[in-house]
Amino acid sequence: METTVVIAGGGPAGAMLGLLLARAGVEIVLLEKHADFFRDFRGDTIHPSTIQVLDELGLLAEFEAIPHRSFDYFALYTGEEFLPVADFRGLPGRHKRLAMVPQWDFLTLITEAAARYPNFRLLMEHKAVGVIREGGAVRGLRVEAGGVRSEIRAALTVAADGRHSDLRRAVGFAPVDIGAPMDVLWFRLPRHDGHPDDVFLRPGKGTALVSLNRGDYWQLAYLIPKGGFDGLKAAGLEDFRATITGLLPYLDTSELAFGDVQLLTVVVDRLPQWHLPGLLVVGDAAHAMSPVGGVGINLAIQDAIAAGNLLAGPLARAQEKRRPVLDPVPASLLAKLRRRRWYPTAATQALQVQIQNRIIARVLAGDADAGSIAAAVRKIPLPVRRLLGRVIGLGFLPEHVRSSH
């Protein structure tokens, strides 16, 4: 098979880039190794910057039709009161809220919009198993589907295959590990009338719990010291349940088992190099983000918007001259994306690391609790809280759709 662009990975970055390039008339093949997008406990936070992008793409009405909940700030819960920390109500523009949307619904929205263009193809259950390298350039992918191997040749290959990217490993790219002091346990518990509405962090002594209101259930992120899951299990299920209800007494943990818990090993890293001739790495494959602020999905989408703006025109023009386009996209063009997205990536990770080290690590070590953190939050002037809301909600360099329909 031959195409202009082949994208490995049907997550937020890959799906959004596929849509943007398809809108510009570029021939796209998007590969997703799974049979569907249904993976629980993926990032479900859609930030104001992404809602703005959906508005620019004309998809806002379809997005609003997806059942979801919206929040205009992220709070610290002391056990007695909620203190807004990241406040989105002062953001510029129309969109001043955080939306909680199942990622499978979001990805379905994006890929169905892309499928309206005849030059877009989505191949489910197709796994990229290697790259085609010729003459110092990447010229496509080796793919496996149903036990059968084939090749897809392309002018541009995009590695959007996540934080454990097989493709970046295949070309010898190794990320720089920035570090994280914690891992996260994801699980659900029932939510009932009378429970809080907020999205919040509840710190305790030696632990913390992030609560995401999903309507009839809570999606919970239980923070533990890095590598501490085995020790937690050794202490026993009843101790785990008691710690949770000690933080939030209204939660019913009676049916919670370790089998219901999914471990997220937190990684914060980034690649020094994002490209080769004919190859571009974006999203989590280029920079794994901490769950702090829930910004990973939105950084990935910002990469896709910037890549679409940069590449749509050159790829469409080259495609008009020759079909299929087999000359690899030059590294000099792809380098422009890395230069543009390096600052917001590094700045966001630096902010996450500060929060990890100054707050989360101290909580997990037992050196800080809800009271001391709340006292520090109260000292933060309201304009600074709104600035934090702007950084989390919009990012350090918000991207806007410029590629034509």
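These numbers were taken from a predicted model, which means no experiment stands behind them.

Conventions adopted
- Residues numbered from 1 in each chain as written.
- Predicted model: local features only at pLDDT ≥ 70, side-chain atom pairs only at ≥ 80, totals over all residues.
- Heavy atoms only, no water.
- Helix = DSSP H or I, 4+ residues; strand = E, 2+ residues; numbered from the N terminus.
- Rg over C-alpha atoms; globule rule 2.2 N^0.38 Å.
- Buried < 20%, exposed > 50% of the residue type's maximum accessible area, 1.4 Å probe, protein only.
- Contact = heavy atoms within 4.5 Å.
- Lys, Arg positive; Asp, Glu negative; His and termini not counted.
- Charge placed at Lys NZ, Arg CZ, Asp CG, Glu CD.
- 1 Å grid on protein atoms, 1.4 Å probe; cavity = no way out; pocket = protein on both sides within 12 Å on 5 of 7 lines; lining within 4 Å.
- Points joined across faces, edges and corners; volume = space filled by probe spheres on them.
- Nonpolar A, V, L, I, M, F, W, Y, C, P; charged D, E, K, R; others polar.
- Pairing = 2+ DSSP bridges.
- Axes fitted to C-alpha atoms, helices over the stretch in contact; angles between N-to-C directions.
- Arc of directions from axis to C-beta.
- Polar contact = N/O pair within 3.5 Å; in protein donor to acceptor, adjacent residues only side chain to side chain.

A. Molecular detail of the overall build of the protein. Of the regular secondary structure elements, the protein holds eleven helices and 21 strands. Taking 22 Å as the expected radius of gyration for a compact globule of 405 residues, we find that the protein reaches 22 Å, a close match to that expectation. Considering only C-alpha atoms, the protein reaches an extent of 65 × 45 × 35 Å along its principal axes. Counting across all 405 residues of the protein, residues that qualify as buried make up 54%. Within the protein, contacts between residues at least 6 apart in sequence are counted, and of these 75% link residues at least 24 apart. On the protein, the mean spot of the 46 positive side-chain charges and the mean spot of the 42 negative ones are 8 Å from each other.

B. Summary view of the layout of surface pockets. Taken as a whole, the second largest pocket holds about 210 Å³ of empty space. Looking at the second largest pocket, it is lined by 14 residues, and the ones nearest its centre are Gln52, Pro92, Leu394, Pro398 and His400. Broken down by secondary-structure element, the contributors of at least two residues to the lining of the second largest pocket are α2 (48–56) and α11 (382–394). Here the residues of the lining of the second largest pocket sort into four nonpolar, seven polar and three charged.

C. Structural detail: the sheet that holds strand β13 (residues 182–190). Taken together, seven strands build an open sheet; the order of strands is β6-β5-β14-β15-β16-β13-β17 and the sheet is mixed. What marks the edges here is a single partner per strand, and that holds for β6 (82–87) and β17 (262–264). Adjacent strand axes in the sheet meet at a mean angle of 25 degrees, parallel and antiparallel pairs treated alike. Pairing of strand β15 (residues 208–213) with strand β16 (residues 217–225), which is carried by six bridges, proceeds in the antiparallel orientation. Across the sheet, Ala208 pairs through a bridge with Leu223, a residue of β16. Running at roughly 80 degrees to β13, helix α7 (residues 237–247) makes contact with β13, β14 (200–203), β15 and β16 of the sheet.

D. Quick look at helix α10 (residues 370–378). Within α10, the full set of buried residues consists of Ala370, Ile373, Ala374 and Val377. With its buried residues spanning 100 degrees around the axis, α10 presents them on a single face. At its buried positions, α10 is contacted by β5 (73–77), β6, β14, α9 (331–364) and α11. Here α10 starts with a cap whose side-chain oxygen sits 3.2 Å from the backbone nitrogen of Gly371, and that cap is Asp369.

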